[in-house]
Amino acid sequence: MRWWMVFGGALAGALAGCGDDVPVGSDAGRTDLGGDVAMDLGARDVATSVDLDASVPGDVLDPCNPRLRRADGGTAFTVRPGCPLPNLVPVIERVQIQSRTFADGSCEVMEGCTVPGHRRLLRFDLVTPNIGDGDLYVGPPVTDNRPDGRFEYGTCHMHWHFRGYADYTLESPADGGVVGRGHKQSFCLLDSGRYMGMGASNPQSGLFTCADQGIHAGWYDLYDRALDCQYVDITDLPPGHYRLRVRINELRGLEESNYADDETTQDVDIPATDPVSMDPTDACPSDLTGAARDCGWEVNRGLTCTPGSTVTVGCNASCGAGSCVGNPMIRICSGDGPCTHALAVAENDDACGNSCPSVTFPCPLIRNRYTVMTGGFRAGAAYECRIAAQ
Ligand SMILES: [Ca+2]
Ligand SMILES: [Ca+2]
């Protein structure tokens, strides 16, 4: 049995300009491999831009600031004595049944998530809020921060996997027998958003990202169901009632105040045939690429604008707003919630001479609200898209 999670890039949102503070930032994806990755933070020991000494003064004075533990030579994974501990809990959301076809050489096959051919999958989002008093800190995925075998290198996705973050089993309620397995294959832990109004809106030490990882107290990491390997393969199971069980931190590689709540279950019905869906946030049934597809997207955030004004939204430093890792795309929808290609206000894959997107569009006249969706150029590929609007 393998449990690991991949380390690399993802997202958190830096928001500028007009708009509500609605940091959804589901972490999307996080990597890719298929050649459309501009940079994979987990693949090399790249220096990060985290300045451990230049935070706000309150940070420097706070002996529990997790980043200081690394700055003074401590282990990122060990909470300093006397400091509050984090407490992670698993939450299952948006369960989906889907069939798709895998090629022989796909990374999901090579990394053992499934086998080639037509497969049926039980997909779901894994949300892991930190409901404890202390911050969870993991740090940068660099050589001196991979203690005692907690990391494993994925040669196909080309990034580091963090072992033992989340393990999935599907059970038969009749006898509790395990009929399917999966694991979180993500390559980073980060602040995707605030959990149910908890946490500070702007943590003193800045949000954790794939380059310097962790989950602040009151924030959650979201691993989207559309990502590679985020499922339990149910191809050989008959229709019926089952129970999905998620356990996190089973190896206790991360220090928490409570390990008793590291497990959750959800009952699921597996139908005889797959439901038909036109939800663009559903996972794609095959290796689709490009902005016109209506699957494999995620809602990044909702924003407001001044009717009649021109708005630029992107995650592209060369265009002057935001930043990205990998090869993301962006889609703008009028109002709240996701939209299809046909109804999109604007869409973009690459802009300003690189693989990061940016779009300019008129603020929706009827409703002054719009939704920013993001997705990897290749469905299921991870990326980081730090949105800015102006
Ligand atoms: Ca816990
Ligand atoms: Ca792109």
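Calculation criteria
Residues numbered from 1 in each chain as written. Chains lettered and ligands numbered in written order. Predicted model: local features only at pLDDT ≥ 70, side-chain atom pairs only at ≥ 80, totals over all residues. Pairing = 2+ DSSP bridges. Helix = DSSP H or I, 4+ residues; strand = E, 2+ residues; numbered from the N terminus. Axes fitted to C-alpha atoms, helices over the stretch in contact; angles between N-to-C directions. Core = buried A, V, L, I, M, F, W, Y, C linked by C-beta atoms within 7 Å. Buried ≥ 20, exposed ≤ 12 C-beta atoms within 10 Å, placed from the backbone. Contact = placed C-beta atoms within 7 Å. pLDDT = per-residue confidence, 0-100.

Before going further, it helps to spend a moment on the sheet that holds strand β21 (residues 369–376). Here we have four strands laid out as an open sheet, ordered β15-β21-β18-β19, and antiparallel in their pairing. Of all the strands in the sheet, just β15 (298–304) and β19 (346–348) have a single pairing partner and so form its edges. Between one strand axis and the next, the sheet turns by 15 degrees as a mean value, whatever way the strands run. Bridge analysis of strand β18 (residues 328–334) against β21 gives seven bridges, and the strand direction is antiparallel. From the neighbouring strand, S334 faces β21, where its bridge partner is Y370.

Let's shift gears to the pairing of strand β8 (residues 178–183). As paired elements, strand β7 (residues 166–171) and β8 share five bridges and run antiparallel to each other. If you follow D167 over to β8, its bridge partner there is H183. Between β7 and β8, which pair antiparallel one after the other, the connecting turn spans six residues, and G176 there sits at a positive phi close to 75 degrees.

The next subject is the nonpolar core. Counting 73 residues, the largest nonpolar core has L122, V313, I332, V372 and I387 as its most contacted members. Looking at which element gives the most residues to this core, the answer is strand β3 (residues 117–129), with five residues. Residues contacting V372, with those up to four places away along its chain left out, are N300, R301, L303, V313, I330, I332 and I387.

Read from one edge of the open sheet, three strands run β20-β16-β23, paired in antiparallel fashion. Two strands bound the open sheet, and with one partner strand each, they are β20 (358–362) and β23 (388–389). In the sheet, strand β16 (residues 310–314) pairs with β20 via five bridges, with the strands oriented antiparallel. Its bridge partner lying in β20, V313 is registered against V359.

We now examine the confidence of the model for the protein. Do not read the fine detail of predicted coordinates wherever pLDDT is low. Here the protein shows a mean pLDDT of 77. Residues at 70 or above account for 73%. Of all helices and strands in the protein, the one with the weakest mean pLDDT is strand β1 (residues 4–7) (28), whereas β19 scores best (97). In the predicted structure, residues 1–60 sits below a pLDDT of 50 and forms 226 contacts with residues beyond four places in sequence or in another chain.

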